[in-house]
Amino acid sequence: MSIKTTLSSLSANEIAQQLKNDGLVIAVGPFVFCIKSSLSSIANNVQKIYDDFQLLNHDDLIDFYVTIKKPRGLRSFIKPQINFYCDDYSPFLPLPASQAFPLLEWGMNWCIAQHAHHYLLLHSAVLEKNGKSVILPAQSGSGKSTLCALLALNGWRLLSDEMALVNLENNQLHALARPISLKNESINVIQNQPCETIFGEVVDDTTKGTISHLKPSAASVQQVAQTAAPFAIVFPKYQAKQPISVETTAQATAFMAVIENSFNYAILAGAGFNAVAQLIDNTQCHTLTYSDTEEVLAFFEELAN
């Protein structure tokens, strides 16, 4: 049996050199990325946040070749900018060079959302405890990532912060344990939790405000090949100074809400309909409003037990 090597086996200089030269090849859930960049911020954050991820080589099957680099010309020196490339295609406008690592994370999400149509893809966090997995579909601003980080720091296995991967044949959830993207006040909320947290650099003035990424636990990364059966779908919404409220969501309402949070439902056509229908049939669905950390953790603990 082959021994899996992680990025932690490389020194900071080796990581920087591989990123700069032929690219660093890592397994990210069921996908393999070759990441290339000469920027020190990329090397520093990859070393800090991805060191538990499996290191592969260029002979392995690679799904996505991605590059973060500066445009040529004066822009390399005056208010430097950076571009994201998947192969030779750049789907985004240039961003300030200080936003290199967030752009890499957004770009990797884009690659999966645009190409992984052998899954039903949902804009959702997914976590599992005691064999019970919970899907948290939500739009930006709902507090999804903050709740995801709280659960991940309190005994839940992280399958995904950003994207649920639902198997079209058996409805199992595939893991995509990656750094959890937190913004603005959420960064301080998670940093102040009574447990060890490792964050990447804090980047200000992005289109989403201040951004930083929380490193996923080593256990979540090591268990990334383990699928999970869906148990519950919870639609979360943070509302300041409001007591916790949990309501059962009607199946028809949940069905439409899942569709609204899908990246590729329309592309999948009938297969997408069947996958969502099976998902709704196999889960209990709730709408959750909360503000207090202890109350919301207690709710999920009860759900898991």
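In the block above lies the structure referred to throughout.
Fair warning: this is a prediction, and the values are worked out from it, not measured in the lab. (Residues numbered from 1 in each chain as written. Predicted model: local features only at pLDDT ≥ 70, side-chain atom pairs only at ≥ 80, totals over all residues. Heavy atoms only, no water.)

Participant: How do you make sense of the packing of aromatic side chains when you look at a structure like this?
Facilitator: Both the distance between ring centres and the angle between the ring planes are used here to describe each pair of aromatic rings. Evaluation of the coordinates by the stated rule reveals 11 aromatic pairs. Both rings, one in Y50 and one in F53, keep their centres 4.6 Å apart while their planes meet at 55°; by these two values the pair is tilted. Overall, Y50 belongs to the buried group, its relative accessible area being 0%. Given the relative accessible area of 2%, F53 is considered buried. Ring plane angle 55° and centroid distance 5.4 Å describe the contact between F255 and F273, whose orientation is recorded as tilted. In this pair, F255 sits in helix 7 (residues 251-260) while F273 sits in helix 9 (residues 270-281), placing the two residues 18 residues apart along the sequence. Clustering of aromatic rings is evident, with ring pairs tying together F31, F33, F64 and Y119. Looking at K69, its charged tip hangs above the ring of Y85, at a distance of 4.9 Å from the centre. (Phe/Tyr/Trp six-rings, centres within 6.5 Å; stacked < 30°, edge-to-face > 60°. Buried < 20%, exposed > 50% of the residue type's maximum accessible area, 1.4 Å probe, protein only. Helix = DSSP H or I, 4+ residues; strand = E, 2+ residues; numbered from the N terminus. Lys NZ or Arg CZ within 6 Å of the ring centre and 35° of its normal.)

Participant: It is not clear to me how the layout of surface pockets should be interpreted in this structure. Could you clarify?
Facilitator: Empty space among the atoms becomes visible once a probe the size of a water molecule is rolled across them. In this structure, the largest pocket spans a volume of roughly 1,000 Å³. Lining the largest pocket are 42 residues, and of these S140, S145, S181, K183 and K208 lie nearest its centre. Elements supplying a minimum of two residues to the lining of the largest pocket: helix 3 (100-115), helix 4 (144-152), strand 11 (180-183), helix 5 (185-191) and strand 13 (209-214). Counting residues per element, the lining of the largest pocket draws most heavily on helix 3, which supplies six residues. Here the residues of the lining of the largest pocket are counted per class, giving 17 nonpolar, 17 polar and eight charged. Of the voids in this model, the second largest pocket is the one considered here, and its volume is about 290 Å³. Lining the second largest pocket we find 13 residues, and of these K4, Q54, V221, Q222 and V224 sit closest to its centre. Every element with two or more residues in the lining of the second largest pocket is listed here: strand 1 (24-28) and helix 6 (218-222). (1 Å grid on protein atoms, 1.4 Å probe; cavity = no way out; pocket = protein on both sides within 12 Å on 5 of 7 lines; lining within 4 Å. Points joined across faces, edges and corners; volume = space filled by probe spheres on them. Nonpolar A, V, L, I, M, F, W, Y, C, P; charged D, E, K, R; others polar.)

Participant: What is the right way to look at the sheet that holds strand 3 (residues 64-69) in this model?
Facilitator: Hydrogen bonding along the main chain pairs the strands of a sheet, whether they run parallel or antiparallel. Reading across the sheet, the five strands line up as 1-2-3-4-5 and stay open at both edges, with mixed pairing between neighbours. Only two strands of the sheet have a single neighbouring strand rather than two, namely strand 1 and strand 5 (95-96). In this structure, strand 1 lies alongside strand 2 (residues 31-37), joined through five bridges in antiparallel fashion. Pairing of V25 across the sheet is with C34, part of strand 2. Contacts between helix 3 and the sheet are confined to strand 1, strand 2, strand 3, strand 4 (81-86) and strand 5, with strand 4 contributing the most and set at about 25° to the helix. (Pairing = 2+ DSSP bridges. Contact = heavy atoms within 4.5 Å. Axes fitted to C-alpha atoms, helices over the stretch in contact; angles between N-to-C directions.)

Participant: What is the right way to read the pairing of strand 16 (residues 284-290) from this model?
Facilitator: Regular strands place their side chains on alternate faces of the sheet. With five of its seven residues buried, strand 16 lies for the most part within the structure. Of the strand pairs in this sheet, strand 14 (residues 230-238) and strand 16 are connected by seven bridges, and their pairing is parallel. In the strand pairing of strand 16, F235 is matched with T287. Of the strand pairs in this sheet, strand 15 (residues 245-248) and strand 16 are connected by four bridges, and their pairing is antiparallel. Across the sheet, residue T248 finds its bridge partner in strand 16, namely H286.

Participant: Quick question: what am I supposed to make of the pattern of salt bridges here?
Facilitator: Overall, the coordinates contain seven salt bridges when judged by the stated rule. The shortest N-O distance in the salt bridge between E128 and R157 comes to 3.1 Å. Of the two residues, E128 is situated in strand 6 (residues 119-129) and R157 in strand 8 (residues 157-160); the sequence distance between them amounts to 29 residues. R157 matches E128 in its accessibility class, with the two residues each being buried. A salt bridge links E301 to K129; the shortest N-O distance between them is 2.9 Å. With E301 in helix 10 (residues 293-304) and K129 in strand 6, this pair connects stretches of sequence that are 172 residues apart. By relative accessible area, which is 30% here, E301 ends up partly exposed. (Salt bridge = Lys/Arg side-chain N within 4 Å of Asp/Glu carboxyl O.)

Participant: Honestly, the sheet that holds strand 12 (residues 203-206) in this entry has me stumped. Any pointers?
Facilitator: Here three strands make up an open sheet; going across it, the order is 11-13-12 and the pairing antiparallel. With one partner strand each, in any of the chains shown, strand 11 and strand 12 form the two edges of the open sheet. Neighbouring strand axes in the sheet, compared pairwise and without regard to direction, differ in orientation by 35° on average. The sheet strands contacting helix 4 are strand 11 and strand 13, and the helix crosses strand 11 at an angle near 125°.

Participant: Would you explain the side chain of N264 in this entry?
Facilitator: Mapped onto the secondary structure, N264 falls in the loop between helix 7 and helix 8 (265-268). At a separation of 2.8 Å, a polar atom in the side chain of N264 contacts the main-chain carbonyl oxygen of Y119. (Polar contact = N/O pair within 3.5 Å; in protein donor to acceptor, adjacent residues only side chain to side chain.)

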